[in-house]
Amino acid sequence: MNASVEQVRGALAELIKAALISNDGRSLAFRETARGRLAALAADPPHPSSLRMDGAWTLAIRDAETPELAPQEGQVNLTLPRGCPFTLAEILAPGFDVDAAVDHIRKIASTG
C-alpha cells in the first residue's frame, strides 16, 4: 500500500472514530488528531491519481472498528456507506471543517 493511502486512511479513521465515540472528551481527542493529520496531508498533498478515496475510506472504517473502541461507540452503529463521503480536494481544502465532517459522518451512518 502506498504512503498516500496510509496518510488519507489515518485521517479518515480519526474522523470516523470521532463520529462514533459517545464520550465528548474522547471524540474531541480524535478530532484534534484528525486536524493534525489533515494539516500534514495539506502540507504535502498526495497526487489524486496515487489513491482511491473509496479504498482509503473502507480501510479507515476497519481501523475505526477496533474491539477496544466498541464499548464507547454510542453515537451510531457501524453501518457506514461504502463510498467515501469526502473527496481528496475537500479534505485538503484550507477551510475543511472537522466538526462538520464528524457531524456529516454521524448523519450518513445508519442508526438502525
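Residues numbered from 1 in each chain as written. Predicted model: local features only at pLDDT ≥ 70, side-chain atom pairs only at ≥ 80, totals over all residues. Heavy atoms only, no water.

A. View of the side chain of Ser 4. Along the polypeptide, Ser 4 turns up in helix H1 (residues 3-20). With near-sequence residues (within four places) excluded, Ser 4 lies in contact with Pro 46, Ser 50 and Leu 51. (Helix = DSSP H or I, 4+ residues; strand = E, 2+ residues; numbered from the N terminus. Contact = heavy atoms within 4.5 Å.)

B. The arrangement of the side chain of Glu 14 in detail. Tracing the chain through its elements places Glu 14 in helix H1. Judged by its relative accessible area of 7%, Glu 14 falls in the buried class. (Buried < 20%, exposed > 50% of the residue type's maximum accessible area, 1.4 Å probe, protein only.)

C. Seen up close, the packing of aromatic side chains. Under the defined criterion, the tally for this structure stands at 1 aromatic pair. Aromatic side chains Phe 86 and Phe 96 sit 5.7 Å apart centroid to centroid with 85° between the ring planes, which places their arrangement in the edge-to-face category. Linking Phe 86 in the loop between helix H3 (53-64) and helix H4 (88-92) with Phe 96 in the loop between H4 and helix H5 (98-108), this pair joins segments that are 10 residues apart in sequence. Like Phe 86, the residue Phe 96 is buried in the burial classification. (Phe/Tyr/Trp six-rings, centres within 6.5 Å; stacked < 30°, edge-to-face > 60°.)

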